[in-house]
Every structure is written in C-alpha cells, then in structure tokens.
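Working through the structure, step by step
Now for the letters of each chain:
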Amino acid sequence: MRFPPLSTPRLRIRDFRPDDVPFRRELTLGAFNADQSLEQTSDFVGWTMSSYRHLEALYQPPHGEYVVALADSTPIGAIGVQPQMVPWNVFDSKPPAVPLNYVEYSLFWAISPSYWRKGYASEAAAAFIAALFDQYGFARLVALTEFDNAASIGVMEKVGMSIMRNPLGYPSWFQVIGLIKHPG
Ligand SMILES: CC(C)(COP(=O)(O)OP(=O)(O)OC[C@H]1O[C@@H](n2cnc3c(N)ncnc32)[C@H](O)[C@@H]1OP(=O)(O)O)[C@@H](O)C(=O)NCCC(=O)NCCS
C-alpha cells in the first residue's frame with residue numbers, strides 16, 4: 001500500500017522527487033539552521049525515495065519523510081513518521097534508575113520560515129495522522145520535541161495530542177512527548 005499522496009483544502013502531501021533536493025536543503029537550513037551540502041541532501045532524498053519502495057515491498061509501515069506543498073505545487077515543508085524509542089517509565093511515580101525504551105511511531109514536521117504561523121503544519125499533521133489511522137490502523141502515534149519548542153508543541157495541541165513533559169533530567173533527548181490514540 002503506497003502512501004501518500006494526501007490532499008487538504010490548502011495542501012498536498014506527496015513523495016519526495018529528485019528535483020526536491022534544492023528545496024530540501026533550503027528547508028533544513030531555514031527550519032533547523034543545519035547546513036547540509038547538496039550532495040548530502042541528494043543522498044538523503046535518494047535514500048528516502050528508495051525506502052518508499054522497499055518498505056512497501058516488505059509490508060512495513062510507511063516510515064519516512066514526505067513533501068508538504070501548496071495546492072499550486074510550491075513545496076513549503078516536510079512531514080514524516082519514524083520509529084522512535086520512548087522511555088515511558090520516566091512517568092512512573094518512582095523514578096526509574098534505568099529508563100526502558102519502547103518503540104513507538106513518531107511524527108515529525110518542518111515548514112519553511114516564510115510560511116510559519118499560517119496553520120500549515122497543523123493542517124498537514126491532521127491529514128497525515130488521519131491517513132495513518134485510516135490506512136494503517138496505527139493504535140497510537142507520538143511526537144517528540146524540546147521543552148522550548150513552543151511551535152511544535154502548539155502543532156501537537158492543535159491536532160489533539162495529549163502533552164507530557166519528562167519530569168526527570170534524563171535521557172536528555174526525551175523532553176516533551178505528544179500522544180494521540182486511534183479514535184476507534
Ligand atoms: C514547528 C513548525 C513546523 C510549526 O509550523 P507552523 O506551520 O508555523 O505551525 P502552525 O501555524 O500550524 O501553528 C500551530 C500552533 O503552534 C503554535 N505556534 C506556532 N508557532 C509558534 C511560535 N513561534 N511561538 C509560539 N507558538 C507557536 C500556535 O499555538 C499555533 O497555533 P495558532 O497560530 O492558531 O496560535 C515550524 O515552526 C518549524 O518548522 N519549526 C522548525 C522545525 C521544528 O522545530 N520542527 C519540529 C521538530 S521537533
């Protein structure tokens with residue numbers, strides 16, 4: 001089962017194509033201030049495109065990254081889902097000596113800065129989540145971010161995720177998690 005393409009009133013969500021390399025590089029620089037070379041970006045896009053085919057052939061979930069574009073085809077961002085370690089026992093009443101990781105499916109998103117705060121990430125995420133629930137029957141999905149990423153936490157809230165903050169100081173990469181369960 002291939003995934004997407006998806007449509008919303010203002011957006012299209014589609015597979016990466018080879019001609020997306022310059023856009024993906026610009027997005028990484030603008031959204032994450034990470035300067036990846038065209039060669040690195042091309043390698044990433046090629047791997048992403050191959051993974052769509054190989055995961056489908058292996059009957060695996062469609063983890064990977066997809067392009068978010070306006071209805072006129074202008075690419076403005078990316079959205080995806082990936083396996084993610086989640087040390088759920090940090091929320092236990094007695095702090096664990098060793099956080100134990102469970103594997104969940106985690107959403108991620110990025111929008112080019114000139115398109116921020118127009119509701120695009122929330123619109124894309126809502127459609128993406130609905131499609132993952134409808135087409136794959138995921139029981140639940142998560143999203144992770146840092147304590148100070150108000151924008152990403154805002155997206156989680158707008159799509160109906162419950163937000164939890166890690167009360168421990170470790171692991172350092174596990175700060176804020178959003179959780180949404182299948183509506184069925
Ligand atoms: C996170 C990101 C994708 C949000 O994209 P966006 O299209 O601007 O998000 P939305 O317009 O859908 O905003 C949804 C809500 O988030 C909150 N929000 C968005 N930007 C915010 C900001 N700069 N400060 C505080 N809250 C913010 C608001 O509550 C907003 O709803 P509102 O505009 O109705 O008040 C974008 O900021 C981004 O690309 N950031 C860099 C990459 C990143 O951090 N990705 C997440 C990795 S964990």
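The rules behind each value
- Residues numbered from 1 in each chain as written.
- Predicted model: local features only at pLDDT ≥ 70, side-chain atom pairs only at ≥ 80, totals over all residues.
- Helix = DSSP H or I, 4+ residues; strand = E, 2+ residues; numbered from the N terminus.
- Rg over C-alpha atoms; globule rule 2.2 N^0.38 Å.
- Buried ≥ 20, exposed ≤ 12 C-beta atoms within 10 Å, placed from the backbone.
- Contact = placed C-beta atoms within 7 Å.
- Near = placed C-beta within 6 Å.
- Nonpolar A, V, L, I, M, F, W, Y, C, P; charged D, E, K, R; others polar.
- Pairing = 2+ DSSP bridges.
- Core = buried A, V, L, I, M, F, W, Y, C linked by C-beta atoms within 7 Å.
- Axes fitted to C-alpha atoms, helices over the stretch in contact; angles between N-to-C directions.

As a further point, take the overall build of the protein. Counting secondary structure elements, the protein contains four helices and eight strands. When its helices and strands are written in sequence order, the protein yields β-β-α-α-β-β-β-α-β-α-β-β. Computed over the C-alpha atoms, the radius of gyration of the protein is 17 Å, within 12% of the 16 Å expected from 2.2 N^0.38 for a compact globule of 184 residues. Considering only C-alpha atoms, the protein reaches an extent of 50 × 35 × 30 Å along its principal axes. Put simply, the protein has 184 residues, and 28% of those count as buried. Contacts in the protein between residues far apart in sequence, at least 24 positions, make up 61% of those at least 6 positions apart.

Residues in contact with the ligand amount to 21 residues; listed here are only the nearest, Ala121, Ser122, Ala150, Ala151 and Gly154. Elements supplying a minimum of two residues to the shell around the ligand: helix H1 (21-32), strand E5 (102-111), helix H3 (120-136) and helix H4 (150-158). Tallying contributions element by element places H4 first for the shell around the ligand, with six residues. Of the residues that constitute the shell around the ligand, the class distribution is 12 nonpolar, six polar and three charged.

Here we take up the pairing of strand E3 (residues 64-70). With five of seven residues buried, E3 is to be regarded as a mostly interior element. Examined bridge by bridge, strand E2 (residues 11-14) and E3 share four bridges and lie antiparallel to one another. Residue pairing in the sheet places Arg14 in a bridge with Val67 of E3. Strand direction decides the pairing type here: E3 and strand E4 (residues 75-86), joined by six bridges, are antiparallel. Bridge pairing in E4 links Gly64 to Val81. Linking two consecutive strands that pair antiparallel, namely E3 and E4, is a turn of four residues; a positive phi of about 85° is found at Ser73 within it.

In this section: the nonpolar core. Nonpolar side chains tend to gather and get buried jointly when the protein is soluble and globular. Judged by nonpolar contacts, the single largest core of 36 residues is most densely connected at Ile13, Val68, Ile79, Trp109, Ala124, Ala125 and Phe128. For this core, the element with the highest residue contribution is H3, accounting for eight residues. Every residue in contact with Ile13, bar those within four places of it in the chain, is listed here: Pro4, Pro5, Leu6, Tyr66, Val68, Ile79, Ala124, Ala127 and Phe128.

Right, let's get into the environment of Ile163. Within the secondary structure, Ile163 is located in strand E7 (residues 162-165). Residue classification places Ile163 among the partly exposed positions, given that 13 C-beta atoms sit within 10 Å. With 77 residues separating them in the primary sequence, Ile163 and Val86 have C-alpha atoms 14 Å apart. Once residues within four sequence positions are removed from consideration, Ile163 is found in contact with Ile153, Met156, Glu157, Val176 and Gly178.

Before going further, it helps to spend a moment on the environment of Met85. Among the secondary structure elements, Met85 is positioned in strand E4. Classification of Met85 by C-beta neighbours within 10 Å gives partly exposed; the count is 15. Between the C-alpha atom of Met85 and that of Asp15, which follows or precedes it by 70 residues, the distance is 25 Å. Ignoring any residue separated from it by four or fewer positions in sequence, one finds Met85 in contact with Asn101 and Val103.

A few words on the sheet that holds strand E6 (residues 140-145). Spatially, E1-E2-E3-E4-E5-E6-E8-E7 is the arrangement adopted by the eight strands of the open sheet, whose pairing is mixed. Looking at which strands have only one partner, the edges of the open sheet turn out to be strand E1 (6-7) and E7. For E7 and strand E8 (residues 176-181), the ladder comprises four bridges, and the chain directions are antiparallel. Following the sheet pairing, Met164 is matched in E8 by Ile177. In this fold H3 packs onto E1, E2, E3, E4, E5, E6 and E8, with an angle of close to 50° to the strand it touches most, E4.

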